[in-house]
Amino acid sequence: MTPPPADADAGHRPSAVALRYDEKTPAPRVVAKGYGNLAETIIETARAHGLYVHESPELVSLLMQLDLDAQIPPELYKAIAELLAWLYQLEGRADQTGMLAIS
């Protein structure tokens with residue numbers, strides 16, 4: 001049996017959640033989520049489309065508990081709103097729509 005690489009985090013598998021928000025809905029929605037290979041695909045797809053990938057193990061852990069197509073709960077509004085506001089400012093965007101991946 002081959003030992004894992006020295007930098008491998010034993011027992012850790014990647015996880016990712018993609019959120020979509022537009023002004024027509026009251027809150028961002030979960031449009032994709034997954035662990036392992038699926039998480040890696042979500043992250044790679046987001047980056048390939050020029051989407052920002054935010055790394056936050058605590059936030060992704062909370063978001064992974066939501067169903068697909070579910071809106072984020074009020075308890076997460078502030079955290080997600082601050083993240084989206086920062087992203088819109090970074091991109092110099094005036095519109096309030098977009099997608100975001102969190103890993």
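So, how was this worked out
Residues numbered from 1 in each chain as written. Predicted model: local features only at pLDDT ≥ 70, side-chain atom pairs only at ≥ 80, totals over all residues. Heavy atoms only, no water. Helix = DSSP H or I, 4+ residues; strand = E, 2+ residues; numbered from the N terminus. Contact = heavy atoms within 4.5 Å. Areas by Shrake-Rupley, 256 points an atom, 1.4 Å probe, with all protein chains shown as cover. Expected span 1.5 Å × (residues − 1). Buried < 20%, exposed > 50% of the residue type's maximum accessible area, 1.4 Å probe, protein only. Arc of directions from axis to C-beta. Salt bridge = Lys/Arg side-chain N within 4 Å of Asp/Glu carboxyl O. Pairing = 2+ DSSP bridges. pLDDT = per-residue confidence, 0-100. Core = buried A, V, L, I, M, F, W, Y, C linked by side-chain atoms within 4.5 Å.

A. Looking closely at the overall build of the protein. Each helix and strand counted, the protein has three helices and four strands in total. Along the protein, helices and strands appear, N-terminal first, in the series β-β-α-β-α-α-β. Restricting to contacts in the protein with at least 6 residues of sequence separation, those with at least 24 account for 64%. Accessible surface, the protein as shown: approximately 6700 Å² in total, 54% of it carbon and sulfur.

B. Region of the structure containing helix α3 (residues 77-91). For α3, which comprises 15 residues, the first-to-last C-alpha distance of 21 Å matches the rise-based estimate of 21 Å (1.5 Å per residue) to within 8%. Of the residues making up α3, those classed as buried are I80, L83, L84, L87 and Y88. Buried positions in α3, seen along its axis, are confined to an arc of 135 degrees and lie on one side of it. Facing away from the buried surface of α3 by more than 90 degrees, the exposed residues are K78, Q89 and L90.

C. Spotlight on the pattern of salt bridges. Following the criterion strictly, the structure yields two salt bridges and no others. Of the charged contacts, one joins R29 and D69 as a salt bridge, the two residues approaching to 2.1 Å between their closest N and O atoms. With R29 in strand β2 (residues 29-35) and D69 in the loop between α2 (57-63) and α3, this residue pair connects regions lying 40 residues apart in the sequence. By relative accessible area, R29 is classed as partly exposed at 24%.

D. Region of the structure containing the pairing of strand β1 (residues 15-21). The buried count for β1 comes to six of seven residues, which makes it a mostly enclosed element. Sheet analysis places β1 next to β2, joined by six bridges and oriented antiparallel. Directly across from A16, in β2, lies its bridge partner G34.

E. Quick peek at the confidence of the model for the protein. Confidence along the protein averages 82 in pLDDT terms, with 80% of residues attaining 70 or more. In this model, residues 1-10 is a region of pLDDT below 50 whose contacts with residues beyond four sequence positions or in other chains number zero contacts.

F. Up close: the nonpolar core. Counting residues in hydrophobic clusters, the biggest one holds 17 residues, and the most contacted among them are V17, L19, L59, L63, I72, I80 and I102. Mapped by element, the contributors of at least two residues to this core are β1, α2 and α3. It is α3 that contributes the most residues to this core, four residues altogether. Excluding anything up to four places from it in sequence, L63 contacts V17, L19, I72, L76, I80 and I102. In this structure, A18, A39, I42 and V53 belong to the second largest nonpolar core, which totals eight residues.

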